Amino acid sequence: MSFEEKITAFMIVETNDVKELKALLLDRSEELLLLKQFIKDKGLFAEYQAKVTIAKAKAFSEMNKG
């Protein structure tokens with residue numbers, strides 16, 4: 001099950017279990033840290049940062065259209 005599916009399932013059930021939500025978020029954080037380290041190890045961090053900057057600018061632009 002993807003992270004998004006887990007969060008959606010958590011929200012639908014409405015258990016209000018803070019421990020479960022924290023566990024989901026910590027798992028996601030660990031996964032992201034591992035991915036960032038992989039990108040750094042491959043020498044692609046500058047390219048990664050540039051793409052993140054472009055994606056953030058695009059998302060900000062889309063938010064301000066409406």
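Above this text is the structure in question.
First, a word on scope: everything that follows refers to the structure included in this document. Residues take numbers from 1 onward in each chain, read along the sequence in its written order. Per-residue local features of the predicted model are confined to residues with pLDDT of at least 70, and side-chain atom pairs are confined, for both listing and counting, to 80 or more; whole-chain, interface and lining totals are unaffected and use all residues. For the side-chain quantities, the full set of heavy atoms in the structure was used; hydrogens and water were omitted.

When the charged atoms of two side chains with opposite charge come close together, those side chains can pair. Counted as salt bridges are all cases of a side-chain nitrogen of Lys or Arg within 4 Å of a carboxyl oxygen of Asp or Glu. Within the structure shown, the criterion is met by three salt bridges. One salt bridge connects E47 with K51, and the closest N-O pair in it is separated by 3.4 Å. On the criterion of helical spacing, the pair formed by E47 and K51 is a turn pair, its members being four residues apart in helix α3 (residues 45-65). Numbering of helices and strands runs from the N terminus; a helix is a DSSP stretch of H or I covering at least four residues, while a strand is a stretch of E covering at least two.

What follows concerns the environment of Y48. Relative to the helices and strands, Y48 is located in helix α3. We call two residues in contact whenever any of their non-hydrogen atoms come within 4.5 Å of each other. For Y48, the contacting residues outside a window of four places in its chain are K36 and I39.

This paragraph deals with helix α2 (residues 18-41). Taking 1.5 Å per residue, 24 residues should reach 34 Å; α2 reaches 34 Å between its end C-alpha atoms and fits that length. Phi turns positive, to about 75°, at G43, one or two residues after α2. One less than the number of residues in a helix, times 1.5 Å, gives the span that helix is expected to have.

Time to look at the packing of aromatic side chains. Centre distance within 6.5 Å is the pairing criterion for rings of Phe, Tyr and Trp, where only the six-membered ring of Trp is used; planes under 30 degrees apart are then read as stacked, over 60 as edge-to-face, and the remainder as tilted. Enumeration according to the criterion identifies one aromatic pair in this entry. With 5.6 Å between their ring centres and 35° between their planes, F45 and Y48 make a pair best called tilted. One end of the pair is F45 and the other is Y48, both in helix α3 and three residues apart, which spans about a single turn. Remark: a charge is flagged as sitting over a ring if the NZ atom of Lys or the CZ atom of Arg is within 6 Å of the ring centre and within 35 degrees of the ring normal. It is K40 that lies over the ring of F45; its NZ or CZ is 5.0 Å from the centre.

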